[in-house]
Structures are given as C-alpha cells and as structure tokens.
Amino acid sequence: MEELKHEGFLPKFTLRWMAFYFTLSIFVAWVIRQAMQGSLWASAAIFTLAMCVALFLLYAIAFLAIWLPSSQANRNGITANRSNADGSSELSRSDPLLSEPSPTVRELGE
C-alpha cells in the first residue's frame, strides 16, 4: 500500500484511495438501503457489524480498565511480590529488574 503524505492538517490522498473509499461508501449505503426495505440478509449484516463494533468497544474498555492502573503502578515503581510463603501478594516499592526471580518448579519440588 502507498504511504500517505502528511503536509498540514489533512493527509493527501491519491486518486486510488479516493476511488476505493467512494466505492466502499456506495456499497455501505446500498446495504443500509436494502436493510431499510426489509431485506433479511442486509438486516443480518448490519446487526453483525453492530455487534462486532460493540464487542470491540467492550474489549477495549476491559483492556483499559486493567492496563491503566497497571501502567500507573509501573510508573510509580510499585510491583507485586509473588514469592510470599503464605501465598498472598504484598505491594512493595522495588525495581522489578533488580528483584530476585520467582522460584522454578524444580526448586519448589526440592
């Protein structure tokens, strides 16, 4: 694919890209028109597309709900120790690169 050149606020599109987006918009408008006229396949296609967008948004929100606090904790230098004897994890301020690695399965069995 071609690289889009950015010289200013909007990128410069080639004629090929404009023709592709124009054709795509005509196709989407035709499918929506068919759905409005009662075509079952077009209604199913619109519903499927809407569900894919909804699931994508749900997964994006779930990812951000986990990633944002983790990113903030990493920025503050807070890590969880996983090698407590009682199995609980306790937050501590330490450098994760300098901390000791977790024991391997072979070391736990000995």
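Overview of the structure. (Residues numbered from 1 in each chain as written. Predicted model: local features only at pLDDT ≥ 70, side-chain atom pairs only at ≥ 80, totals over all residues. Heavy atoms only, no water.)

## Section: the overall build of the protein chain
Line of reasoning, step 1. Across its full length, the protein chain holds 3 helices and 4 strands.
Line of reasoning, step 2. When the helices and strands of the protein chain are listed from N to C terminus, the series reads β-β-α-α-β-β-α.
Line of reasoning, step 3. Expressed as a percentage of the 110 residues in the protein chain, the buried residues total 7%.
Line of reasoning, step 4. Across the protein chain, every contact between residues at least 6 apart in sequence was considered, and the portion connecting residues at least 24 apart equals 0%.
Line of reasoning, step 5. Carbon together with sulfur atoms contributes 67% to the accessible area of the protein chain, which is approximately 10100 Å² in total. (Helix = DSSP H or I, 4+ residues; strand = E, 2+ residues; numbered from the N terminus. Buried < 20%, exposed > 50% of the residue type's maximum accessible area, 1.4 Å probe, protein only. Contact = heavy atoms within 4.5 Å. Areas by Shrake-Rupley, 256 points an atom, 1.4 Å probe, with all protein chains shown as cover.)

## Thoughts on the packing of aromatic side chains
Line of reasoning, step 1. A full pass over the atoms with the stated rule returns 6 aromatic pairs.
Line of reasoning, step 2. Between the aromatic rings of Trp 30 and Trp 41, the centroid separation amounts to 5.5 Å while the plane-to-plane angle is 40°, which identifies the pairing as tilted. Placement of the pair is Trp 30 in helix H1 (residues 15–36) and Trp 41 in helix H2 (residues 40–76), with a sequence separation of 11 residues.
Line of reasoning, step 3. A relative accessible area of 45% places Trp 41 in the partly exposed class. (Phe/Tyr/Trp six-rings, centres within 6.5 Å; stacked < 30°, edge-to-face > 60°.)

## A closer look at H2
Line of reasoning, step 1. With 37 residues, H2 should cover 54 Å at 1.5 Å per step; its first-to-last C-alpha distance of 54 Å lies within 8% of that length.
Line of reasoning, step 2. Just past H2, the residue Gly 77 takes up positive phi, approximately 80°. (Expected span 1.5 Å × (residues − 1).)

## Looking at the packing of H1 against H2
Line of reasoning, step 1. It is at 7 Å that the axes of H1 and H2 come closest, and there the two elements cross at 120°. When the axes of H1 and H2 are compared, the pair comes out oblique. The two elements H1 and H2 cross, and the hand of that crossing is left-handed. Counted together, Trp 30, Val 31, Ile 32, Gln 34 and Ala 35 of H1 and Trp 41, Ala 42, Ser 43 and Ile 46 of H2 form the full contact between these two elements.
Line of reasoning, step 2. For the contact of H1 with H2, the class distribution of residues is 7 nonpolar, 2 polar and no charged. (Axes fitted to C-alpha atoms, helices over the stretch in contact; angles between N-to-C directions. Parallel < 35°, antiparallel > 145°, perpendicular 65-115°, else oblique. Left-handed = near helix turned anticlockwise from the far one by under 90°. Nonpolar A, V, L, I, M, F, W, Y, C, P; charged D, E, K, R; others polar.)

## Comments concerning the environment of Arg 75
Line of reasoning, step 1. With respect to the helices, strands and loops of the structure, Arg 75 is situated in helix H2.
Line of reasoning, step 2. Within the structure, Arg 75 has its side chain in polar contact with the side chain of Gln 72 (distance 3.1 Å). (Polar contact = N/O pair within 3.5 Å; in protein donor to acceptor, adjacent residues only side chain to side chain.)

## A word on H1
Line of reasoning, step 1. Across its 22 residues, H1 extends 31 Å between first and last C-alpha, which sits within 8% of the 32 Å expected from 1.5 Å per residue.
Line of reasoning, step 2. Looking at the packing, one finds that the buried side of H1 touches H2.
Line of reasoning, step 3. Phi turns positive, to about 100°, at Gly 38, one or two residues after H1.

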